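Structural characterization, general
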Amino acid sequence: MKDNKQKFKIIHFLLLGNSKEHINRVIEYYEIRNIVFFTSINLINENLEFIKDIKKKEINVLETVLLDPFEEKALENMTKKMLDAYSLYSNDGINHIIAGLTGGTNLMVLSMGMLCLSAGLKAHYVVNNENNDVITIDIFQDMVKNGDNIQIFKDLFKGEL
């Protein structure tokens, strides 16, 4: 008989740029089983082998979302894609999303931070030191008091505010 106690999944939203050490570190630290990668369209070919290696570790790569951090409206477009992914994978709050704020370009990190703020996500950052220390960031959860923040951000990027 299947155990139905845990009906939700924990899904990590991770930024994948040139550096890969932070990804391996958080996989180990959090014992990650489900990932949605966000990577630059310019780096997807370079990152395909790494993504295949992650899958070989029996980790579910649910999707790789392609971002263009160098286009004219990069911040708006990337944040919208992240909000869309959140809407899809959170399954109306059934799944638990944790965001990584390490990797990618500065605008990719800012977009992920905006998602964290709008959805009240727990996040983490990997310090670039000899231990690759993982810092848990839960301030976003404390800042969000109601569920309207996601709609505010969606309206902002539709030009309705």
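Just so you know, the residues in each chain are numbered from 1, in the order the chain's sequence is written. Where totals are concerned, whole chains, interfaces and linings use all residues; where local detail is concerned, this predicted model gives features only for residues with pLDDT of at least 70, and gives and counts side-chain atom pairs only at 80 or more. The basis for every side-chain value is the complete set of heavy atoms in the structure, and neither hydrogens nor water enter the calculation.

**Quick look at the packing of aromatic side chains**
Keep this limit in mind: The criterion for an aromatic pair is that two Phe, Tyr or Trp rings (for Trp, the six-membered ring) have centres within 6.5 Å, with stacked assigned to planes under 30 degrees apart, edge-to-face to planes over 60 apart and tilted to the rest. Counting from the N terminus, the helices are the DSSP runs of H or I reaching at least four residues and the strands are the DSSP runs of E reaching at least two. Any residue under 20% of the maximum accessible area for its type is buried, any over 50% is exposed, and the rest in between are partly exposed; the area is computed with a 1.4 Å probe on protein chains only.
All told, the structure shown has 4 aromatic pairs when counted by the stated rule. With centroids separated by 6.5 Å and ring planes inclined at 90°, the aromatic side chains of Phe13 and Tyr89 adopt a geometry described as edge-to-face. Note that Phe13 is positioned in strand β1 (residues 10-16) and Tyr89 in helix α3 (residues 74-90), a separation of 76 residues in sequence. Summarising the burial analysis for this pair, Phe13 and Tyr89 share the class buried.

**Observations regarding the pattern of salt bridges**
Note that side chains of opposite charge can pair when their charged atoms are close. Worth spelling out the cut-off: Throughout this description, the term salt bridge denotes a Lys or Arg side-chain nitrogen within 4 Å of a carboxyl oxygen of Asp or Glu.
Enumeration over the complete set of coordinates arrives at 4 salt bridges. For Glu46, the salt bridge identified is with Lys20, shortest N-O distance 3.8 Å. Residue Glu46 is found in helix α2 (residues 44-56), and its partner Lys20 is found in the loop between β1 and α1 (21-30); the two are separated by 26 residues along the sequence. By relative accessible area, Glu46 is classed as partly exposed at 46%. Across the pair Lys80 and Asp84 runs a salt bridge, and its minimum N-O distance is 2.9 Å. Linking Lys80 with Asp84, this pair stays in helix α3, spanning 4 residues, or about one helical turn.

**What to know about the packing of α3 against helix α4 (residues 106-119)**
Rule in force here: For helices, the axis comes from a line fit to the C-alpha atoms of the stretch in contact; other axes are also lines fit to C-alpha atoms, and the angle between any two N-to-C directions lies between 0 and 180 degrees. To sort the angles, those under 35 degrees are grouped as roughly parallel, those over 145 as roughly antiparallel, those from 65 to 115 as roughly perpendicular, and the leftovers as oblique. Definitions for this section: a left-handed crossing has its near helix turned counterclockwise from the far helix by less than a right angle. A right-handed crossing has that turn clockwise. Should any heavy atoms of two residues lie within 4.5 Å, those residues are considered in contact. Classification used: nonpolar for Ala, Val, Leu, Ile, Met, Phe, Trp, Tyr, Cys and Pro, charged for Asp, Glu, Lys and Arg, polar for all others including Gly.
Relative orientation of the contacting elements α3 and α4 amounts to 45°, with a least axis distance of 9 Å. It follows that α3 is oblique to α4 by the angle criterion. In the packing of α3 onto α4, the handedness of the crossing is right-handed. Mapping the contact onto sequence places Ala74, Leu75, Met78, Thr79, Met82, Leu83 and Tyr86 in α3 and Leu107, Met108, Leu110, Ser111, Met112, Met114, Leu115, Ser118 and Ala119 in α4. Looking at the contact of α3 with α4, its residues break down into 13 nonpolar, 3 polar and no charged.

**Side note on α3**
Every α-helical turn comprises 3.6 residues, leaving residues that sit three or four positions apart pointing alike. For the record, the criterion: Here the expected length of a helix is defined as 1.5 Å per residue gap, with one fewer gap than residues. In this context, the arc is that of the directions from the helix axis out to the C-beta atoms.
Compared with an ideal rise of 1.5 Å per residue, which puts 17 residues at 24 Å, α3 spans 23 Å between its outermost C-alpha atoms and is within 8% of the ideal. Along α3, the residues that are buried comprise Ala74, Met78, Thr79, Met82, Leu83, Ala85, Tyr86, Tyr89 and Ser90. The buried residues of α3 occupy an angular sector of 160° when the element is viewed end-on, so they sit on one face. Positive backbone phi, approximately 50°, marks Asn91, located one or two places after α3.

**What about the nonpolar core?**
As a reminder of what qualifies: Remark: nonpolar core denotes a set of buried residues (Ala, Val, Leu, Ile, Met, Phe, Trp, Tyr, Cys) joined through side-chain atoms within 4.5 Å.
Among the nonpolar cores identified, the biggest contains 25 residues, and Phe13, Phe38, Met112, Leu115 and Leu121 are the most heavily contacted of them. Every element with two or more residues in this core is listed here: β1, β2 (34-40), β3 (60-67), α3, β4 (96-100) and α4. Within the second largest apolar cluster, 16 residues are counted, among which are Leu16, Ile23, Ile32 and Ile44.

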